[in-house]
Amino acid sequence: DQQVKQNSPSLSVQEGRISILNCDYTNSMFDYFLWYKKYPAEGPTFLISISSIKDKNEDGRFTVFLNKSAKHLSLHIVPSQPGDSAVYFCAASLIDNFNKFYFGSGTKLNVKP
Amino acid sequence: GAGVSQTPSNKVTEKGKYVELRCDPISGHTALYWYRQSLGQGPEFLIYFQGTGAADDSGLPNDRFFAVRPEGSVSTLKIQRTERGDSAVYLCASSLDRGPGELFFGEGSRLTVL
């Protein structure tokens, strides 16, 4: 049972434009959310996180939005750069077990020069 | 190096064989995690250690899988009687475990069972 879903397996964006990656979840007890970026043959690296008490968190070109009522979060990258091309995973943890993360299946972002 | 180190990076074995995968976490990180990533999927939780003890092993798929962390640092994931379905990238991660926060992942060990 996939509790965290990324329904777009791939996304292609022109350099300089905005990339929007989406993630949906089913468990209302998820309390903490993260985005990871993964290059081929490397482990995932942390990008940005958000707690359920917030609806937005920003770090440079990266902003994560959380809509609890819709059980939806999104990652915005502005402006997109070719070096952002990677697979992006969203992950969530429960309020009573923040050490166990549930990952989506990933979205492969391609930023075209 | 300062990051999470995993060995071997690649392991090819035959069905039925025993396999050990090693993880050396970031120094000072008390929490250690094993995840498994199958092709086209996201990482799937296997087990979490706090210190030497397995605090949550609910993700281990069956009793062929076992993990240890005897001294609270290096961990070994052990798979007995490997099956072709065990083929995946096994990721190790560590963290400071001071509340919800990021995990620092290694590059993974790719296991192929023929």
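Since this is a predicted model, take the numbers as computed values, not measurements. (Residues numbered from 1 in each chain as written. Chains lettered and ligands numbered in written order. Predicted model: local features only at pLDDT ≥ 70, side-chain atom pairs only at ≥ 80, totals over all residues. Heavy atoms only, no water.)

Describing the interface of chain A and chain B
Item 1. Residue-level contacts link 18 residues of chain A with 21 residues of chain B.
Item 2. For the pair chain A and chain B, the summed buried surface comes to about 1,600 Å²; carbon and sulfur atoms form 59% of the total.
Item 3. Here chain A is connected to chain B by 0 salt bridges.
Item 4. On inspection of chain A and its partner chain B, the count reaches 6 residue pairs in polar contact (both at pLDDT 80 or more).
Item 5. Of all the secondary-structure elements, those providing two or more residues to the side of chain A that touches chain B are strand E4 (30-38) and strand E10 (97-103) of chain A.
Item 6. For the side of chain A that touches chain B, the element with the most residues is E10 of chain A, which contributes 6 residues.
Item 7. Each residue belonging to the side of chain A that touches chain B can be placed in one class, and the counts come to 10 nonpolar, 5 polar and 3 charged. (Contact = heavy atoms within 4.5 Å. Buried area = accessible area lost by both parts, 1.4 Å probe. Salt bridge = Lys/Arg side-chain N within 4 Å of Asp/Glu carboxyl O. Polar contact = N/O pair within 3.5 Å; in protein donor to acceptor, adjacent residues only side chain to side chain. Helix = DSSP H or I, 4+ residues; strand = E, 2+ residues; numbered from the N terminus. Nonpolar A, V, L, I, M, F, W, Y, C, P; charged D, E, K, R; others polar.)

With respect to the pattern of salt bridges
Item 1. All chains considered together, the criterion is met by 3 salt bridges over all chains.
Item 2. Linking arginine 61 of chain A and aspartate 84 of chain A is a salt bridge whose minimum nitrogen-to-oxygen distance equals 2.8 Å. With a gap of 23 residues between them, arginine 61 of chain A in the loop between strand E6 (56-59) and strand E7 (62-67) and aspartate 84 of chain A in the loop between strand E8 (72-77) and strand E9 (86-94) connect regions that are remote in the sequence.
Item 3. When the shortest N-O distance is used, the salt bridge between arginine 64 of chain B and aspartate 86 of chain B registers 2.8 Å. With a gap of 22 residues between them, arginine 64 of chain B in the loop between strand E6 (53-56) and strand E7 (65-68) and aspartate 86 of chain B in the loop between strand E8 (75-79) and strand E9 (88-95) connect regions that are remote in the sequence.

Observations regarding the sheet that holds strand E3 (residues 19-24) of chain B
Residues and elements named next belong to chain B.
Item 1. Taken together, the 4 strands give an open sheet; going across it, the order is E1-E3-E8-E7, and neighbouring strands pair in antiparallel fashion. The sheet is open, and its two edges are formed by strand E1 (5-7) and E7, each paired on a single side. Shown here is a sheet whose adjacent strand axes are inclined to one another by a mean of 15°, direction ignored.
Item 2. Two strands pair when backbone bridges link them, and E7 and E8 are joined in this way by 4 bridges, in the antiparallel orientation. Within the sheet, the bridge partner assigned to phenylalanine 65 lies in E8 and is isoleucine 79. (Pairing = 2+ DSSP bridges. Axes fitted to C-alpha atoms, helices over the stretch in contact; angles between N-to-C directions.)

Some thoughts on the nonpolar core
Nonpolar side chains in soluble globular proteins tend to end up buried together.
Item 1. In this structure, Phe33, Trp35, Leu73, Leu75 and Tyr88 of chain A are the most contacted members of the largest nonpolar core, which totals 24 residues.
Item 2. The next biggest cluster of nonpolar side chains, apart from the first, holds 20 residues, and it includes Cys23, Ile26, Phe65 and Cys92 of chain B. (Core = buried A, V, L, I, M, F, W, Y, C linked by side-chain atoms within 4.5 Å. Buried < 20%, exposed > 50% of the residue type's maximum accessible area, 1.4 Å probe, protein only.)

Looking at the environment of glycine 16 of chain A
Residue and element names in this part refer to chain A.
Item 1. Here glycine 16 is to be found in the loop between strand E2 (10-14) and strand E3 (19-25).
Item 2. The partly exposed category is assigned to glycine 16, whose relative accessible area is 42%.
Item 3. Apart from the residues within four sequence positions on either side, glycine 16 is in contact with Pro79 and Ser80.

With respect to unusual backbone geometry
Residue and element names in this part refer to chain A.
Item 1. Residue valine 78 is joined to proline 79 through a cis peptide bond whose omega torsion reads -10°.
Item 2. Here proline 79 lies in the loop between E8 and E9.
Item 3. The phi dihedral of lysine 71 is positive, around 55°, even though this residue is not glycine.
Item 4. Mapping lysine 71 onto the fold places it in the loop between E7 and E8.
Item 5. On the basis of relative accessibility, which here comes to 26%, the residue lysine 71 falls in the partly exposed class.

The quantities given are spatial measurements derived from coordinates; they are silent on function.
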